[in-house]
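Chains, contacts and geometry: an overview
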Amino acid sequence: KSAQAAGLKADLNEAREQLRLAQKEISTEHGEKEMLRMAKRELESQVSALASDKEFAVTEQDFILAEKEDIIAKSLRKIELTLEDHKKMQLEFKTLKQERETETSELNCKNEQLQAENVQNSQLIQSLQAEFSTINEERKRYSSMLEAQSQESLTTASKLQEE
């Protein structure tokens, strides 16, 4: 009986040891499960935070894109206005250039007319100077003739008085 009791006691000790090992294994598994649950909660929290961050980033990205689109639209409008102004300036420049060319042509024509008139006036002045010289010479000749006639008349009058 004693051997049987010792065998049973050994079996009981072995069963207790197995129970203790099983409890330890269960406890370890329970700890692992608890750690897995905590890790899962942490991951879920991180996923939630990442989803929130992603939503914020998408919202910010949409806001930034809207701002950029607005800036691009304003810049394009400024470019369009600048191009319109440039086209207007080119048209004005072309018009002014044509007006300048027309006025230059008119001035050249007037200058040619004035030069022609100057040539005519110079010729007229020369002609008048020549005529004046001729008239002056004739006046001198007539003055001399008149003086001679006057002398002759005085001489004749003196002769007549003497007689």
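Our structure is the block above this text.
Here is a short report on the structure shown in this document. Note that this is a predicted model, so its numbers are computed, not measured.

1. A closer look at the overall build of the chain
Across its full length, the chain carries 1 helix and 0 strands. For 163 residues, the compact-globule formula gives about 15 Å, and the C-alpha radius of gyration of the chain, at 67 Å, lies well above that figure. With respect to the principal axes defined by its C-alpha atoms, the chain has extents near 230 × 20 × 20 Å. Buried positions account for 0% of the 163 residues belonging to the chain. Per element, the accessible surface of the chain, about 15400 Å² overall, is 57% carbon and sulfur. Across the chain, 24 positive and 33 negative side-chain charges occur, with their mean positions spaced 15 Å apart.

2. Notes on the pattern of salt bridges
Scanning all chains against the criterion turns up 4 salt bridges. Among the salt bridges present, the one from Arg77 reaches Glu80, with a minimum N-O distance of 3.3 Å. Of the two residues, Arg77 and Glu80 both sit in helix H1 (residues 2–162), 3 residues apart, roughly one turn of that helix. According to the relative accessible area criterion, Glu80 is partly exposed, its value standing at 42%.

3. As for the environment of Lys97
Summarising the element assignment, Lys97 is placed in helix H1. Residue Lys97 is classed as partly exposed on the basis of its relative accessible area, which comes to 38%. A C-alpha to C-alpha distance of 102 Å links Lys97 and Glu25, two positions 72 residues apart in sequence.

4. Description of a nonpolar patch on the surface
There is a patch of nonpolar side chains on the surface, built from Ile72, Leu76, Ile79 and Leu83 and spanning about 380 Å² of accessible area. When you line up the elements, Ile79 lands in helix H1.

Reading guide: rules and limits
Sequence positions are assigned chain by chain, starting from 1 and proceeding in written order. Confidence filtering applies because this is a predicted model: local features only for residues at pLDDT of at least 70, side-chain atom pairs given and counted only at 80 or more, and all residues used for totals across whole chains, interfaces and linings. Only heavy atoms go into the side-chain values, all of them from the structure, while hydrogens and water stay out. Secondary structure elements follow DSSP: runs of H or I of four or more residues count as helices, runs of E of two or more count as strands, with numbering from the N terminus. We take the radius of gyration over the C-alpha atoms and set the globule estimate at 2.2 Å times the residue count to the 0.38 power. Accessible area is worked out with a 1.4 Å probe on protein chains only. A residue is then buried under 20% of its type maximum, exposed over 50%, and partly exposed in between. Using a 1.4 Å probe, accessible areas were evaluated by the Shrake-Rupley method; residue-level cover was limited to the displayed protein chains. Neither His nor the chain ends is counted toward charge; the positive residues are Lys and Arg and the negative residues Asp and Glu. Where a charge sits is defined by one atom per residue type, namely NZ (Lys), CZ (Arg), CG (Asp) or CD (Glu). Here a salt bridge means any side-chain nitrogen of Lys or Arg lying within 4 Å of a carboxyl oxygen belonging to Asp or Glu. By definition, no residue in a patch forms a salt bridge, and every one has over 30% relative accessible area; like charges are joined within 9 Å, nonpolar side chains (Val, Leu, Ile, Met, Phe, Trp, Tyr) within 5 Å.

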